[in-house]
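Fold and contact review
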Amino acid sequence: MAYKGVFTFAEQIDGVLTNVSYELIGKARDLAKDLDEDVTAVLLGEKISHLAPELIASGADRVLYLDRAELKIYRTEPYTQAMTYVIEKYKPEILLIGATALGRDLGPRLAARVHTGLTADCTALEIDPENKELRMTRPAFGGNLMATILCADHRPQMATVRPGVMVREVADPERAGEIIQLDFKPEKNDCYVTVEEIAKKIGQHVDITEADVLVAGGRGVGGEEGFALMQELADVLGGEMAASRAVVDAGWQAKERQVGQTGKTVRPGLYFAVGISGALQHLAGMEESDFIVA
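Now for a look at the structure at hand. What you see is a predicted model, and the numbers here were worked out from it, not measured in a lab.

This part takes up the nonpolar core. By size, the foremost hydrophobic cluster in this structure holds 23 residues, and its most contacted members are F9, L44, M83, L95 and L110. Among the elements of the structure, strand 1 (6-10), strand 4 (39-45), strand 5 (62-67), helix 3 (76-90), strand 6 (94-98) and helix 4 (101-114) are those that each provide at least two residues to this core. In contact with F9, other than residues within four places in its own chain, are S21, L24, V42, L44, Y79, M83, L95, L96, I97, L102 and L106. Of all hydrophobic cores here, the second largest spans 20 residues; its members include V6, L31, V39 and L134.

Pasting the structure below:
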């Protein structure tokens, strides 16, 4: 059986799909169109069947879901076993995973299990028009250049993709697709871990990747006094504060507000860059914003 189709890993936490799950489907549709193939989303968890129609509405042609108690909380081994089963049974040509904390754990283990390559933290994906292989582009050498990587000899071609980089398609509730429940039981082995407790930190602000207006400050803001003024601006505009790496390193802003290659990738409607030098590493995280005021 030949490898075919573009598959995405649909990440859900507590029964809610993450934004990157929708973004991956949007990109998968572009890739599948160039290959004249279908898009399949793979959904793992417990009591998650209600999420399958959401994935169809967002662009998936087919959803494969596995509903088991062992998959309620993410653990590397049972999730890897389940995804390995999917790859061996359905043989996808391409598999995309979000470069979240979960995806960065699952992707490498899965690639090793099925003996293929993995390009991590991709910011661009395209199909080569001549040989139809997936061209996976990611920052290299500290963000000073972009490397395009091919996986010519092994399948599936696997990539983890940064949240906020790809564009989510507008959902169509009338869209039709195929939903298939999988029958697979992960096998308990020495690699299993037991989750004793989950400690959740309640944040005071929304995720900056979801904000439509961002007011970002750099070293040139001068310090916490300057950021207090910028917070006023963000409040008036109904936006969120963001920062460059230098600011986070100085302790003026929290790490979760960092934009850039070592922070988060954002694409708000309006991005204010105040006192930011414009290093390549920072630009990599915000250059897709609709309007940039520097």
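An order of 7-11-6-1-4-5-12 is seen for the 7 strands of this open sheet, with the pairing classed as parallel. Strand pairing shows two members of the sheet lacking a second neighbour, strand 7 (118-122) and strand 12 (178-181), which therefore form its edges. Each neighbouring strand pair of the sheet contributes to a mean axis angle of 20 degrees, computed without reference to strand direction. Contacts between helix 1 (residues 19-35) and the sheet are confined to strand 1, strand 4, strand 6 and strand 11 (157-161), with strand 1 contributing the most and set at about 180 degrees to the helix. Seen against the sheet, helix 3 touches strand 1, strand 4, strand 5, strand 6 and strand 12 and runs at an angle of roughly 150 degrees to strand 4.

So, on to the packing of aromatic side chains. A complete count under the given rule lists 4 aromatic pairs for this structure. A cation sits over an aromatic face here: K89 above Y90, 5.6 Å from the ring centre.

Let's shift gears to the pattern of salt bridges. Using the criterion set out here, one finds 13 salt bridges in the structure. We note a salt bridge from R109 to E77, for which the minimum N-O separation is 4.0 Å. Of this pair, R109 sits in helix 4 while E77 is found in helix 3, placing the two residues 32 residues apart along the sequence. Judged by its relative accessible area of 36%, R109 is partly exposed. Residue D207 is joined to K264 by a salt bridge in which the shortest nitrogen-to-oxygen separation is 3.3 Å. With D207 in the loop between strand 12 and strand 13 (213-217) and K264 in the loop between helix 6 (245-249) and strand 15 (270-274), this residue pair connects regions lying 57 residues apart in the sequence. Beyond isolated ion pairs, a larger network of salt bridges with shared partners links R29, D61 and R175.

Strands sit in the order 14-13-15-16 across an open sheet of 4 strands; the sheet is parallel. The open sheet has two free edges, formed respectively by strand 14 (240-243) and strand 16 (291-293), since each of these has just one partner strand. Adjacent strand axes in the sheet meet at a mean angle of 25 degrees, parallel and antiparallel pairs treated alike. Taken strand by strand, helix 5 (residues 224-237) contacts strand 13, strand 14 and strand 15, and its axis lies near 170 degrees from that of strand 13.

Each value, and the rule that gives it
- Sequence positions are assigned chain by chain, starting from 1 and proceeding in written order.
- Note on the predicted model: pLDDT of at least 70 is required for a residue's local features to be given, and 80 or more for side-chain atom pairs to be given and counted; whole-chain, interface and lining totals, by contrast, use all residues.
- To get the side-chain values, all heavy atoms of the structure are used, and hydrogens and water are removed first.
- Definition used in this section: a nonpolar core is a set of buried Ala, Val, Leu, Ile, Met, Phe, Trp, Tyr and Cys residues joined via side-chain atoms within 4.5 Å.
- In this scheme, a residue with accessible area under 20% of its type's maximum is buried, one over 50% is exposed, and one in between is partly exposed, where area comes from a 1.4 Å probe on protein chains only.
- Under the DSSP-based scheme used, a helix requires at least four consecutive residues in state H or I and a strand at least two consecutive residues in state E, with every element numbered from the N terminus.
- Residues count as neighbours in contact if any of their non-hydrogen atoms are within 4.5 Å of one another.
- At least two DSSP bridges between two strands are needed for those strands to be called paired.
- Under this scheme, a helix contributes an axis fitted over its contacting stretch, all axes are lines through C-alpha atoms, and angles between N-to-C directions fall in the 0 to 180 degree range.
- Each Phe, Tyr or Trp ring (for Trp, its six-membered ring) is paired with any other whose centre lies within 6.5 Å, and the angle between the two planes then decides the class: stacked below 30 degrees, edge-to-face above 60, tilted in between.
- For a lysine, the NZ atom is tested; for an arginine, the CZ atom; a charge sits over a ring if that atom is within 6 Å of the ring centre and within 35 degrees of the ring normal.
- Criterion for a salt bridge: a side-chain nitrogen of Lys or Arg within 4 Å of a carboxyl oxygen of Asp or Glu.

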